[in-house]
Amino acid sequence: MFIPFKGKTLPGWFHLPPNYSGGRIPVVISFPGMDTYKEVFVGLKGDRWLERGIAVLSIDNAGVGEAPIKAGNEAERHFDTVFDWVRARSDLNTSRLAIQGSSTGGYWAAKLAH
């Protein structure tokens, strides 16, 4: 899926649990580190979040994979856009939202959660 962002798009992987039957469900937003990419952060079979009924959105961080933003001082420009996209979805319960990451993705997850 693609999230519109300043004339470009933020590519991501978004998955609802396999047994999703409607309603608002929790969501985990995953941010990988500098040495990995969004596809690694959600598995179509055996995913720890999907199997628990939690949706997963995985986005490449700035300077990684297909992200249209370079790493550096403006690396955090895309987070508001990602959260706006999540809030606009009627199938996601944003009062039950978690953020996870590894390496630099963990840095951003902690910074965003703070």
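Residues numbered from 1 in each chain as written. Predicted model: local features only at pLDDT ≥ 70, side-chain atom pairs only at ≥ 80, totals over all residues. Heavy atoms only, no water.

### Section: the overall build of the chain
Inference 1: Helix and strand counts for the chain stand at 2 helices and 5 strands.
Inference 2: In the chain, the succession of α and β elements from N to C terminus is β-β-β-β-α-β-α.
Inference 3: Accessible area for the chain stands at about 6400 Å²; split by element, carbon and sulfur atoms hold 49% of it. (Helix = DSSP H or I, 4+ residues; strand = E, 2+ residues; numbered from the N terminus. Areas by Shrake-Rupley, 256 points an atom, 1.4 Å probe, with all protein chains shown as cover.)

### A short note on the confidence of the model for the chain
Inference 1: With 86% of its residues at a pLDDT of at least 70, the chain reaches an overall mean of 82.
Inference 2: Per-element mean pLDDT across the chain ranges from 73 in helix α2 (residues 104–113) up to 92 in strand β3 (residues 25–31). (pLDDT = per-residue confidence, 0-100.)

### Here's the deal with helix α1 (residues 79–88)
Inference 1: Every buried residue of α1 is accounted for by Phe79, Val82, Phe83, Trp85 and Val86. The buried residues of α1 occupy one face: seen down the axis, they fall within an arc of 155°. Opposite the buried face of α1, by more than 90 degrees, sit the exposed residues Asp80, Arg87 and Ala88.
Inference 2: On its buried side, α1 packs onto β1 (2–5), β2 (8–15), β3, β4 (55–59), β5 (92–101) and α2. (Buried < 20%, exposed > 50% of the residue type's maximum accessible area, 1.4 Å probe, protein only. Arc of directions from axis to C-beta. Contact = heavy atoms within 4.5 Å.)

### Focus on the nonpolar core
Inference 1: Counting residues in hydrophobic clusters, the biggest one holds 19 residues, and the most contacted among them are Ile29, Leu57, Val82, Val86 and Leu92.
Inference 2: Those elements that place two or more of their residues in this core are β1, β2, β3, β4 and α1.
Inference 3: If one sorts the elements of this core by residue count, α1 sits on top with 5 residues.
Inference 4: Excluding its chain neighbours within four sequence positions, the residues that come into contact with Val86 are Val27, Ile29, Leu57, Leu92, Thr94 and Leu97. (Core = buried A, V, L, I, M, F, W, Y, C linked by side-chain atoms within 4.5 Å.)

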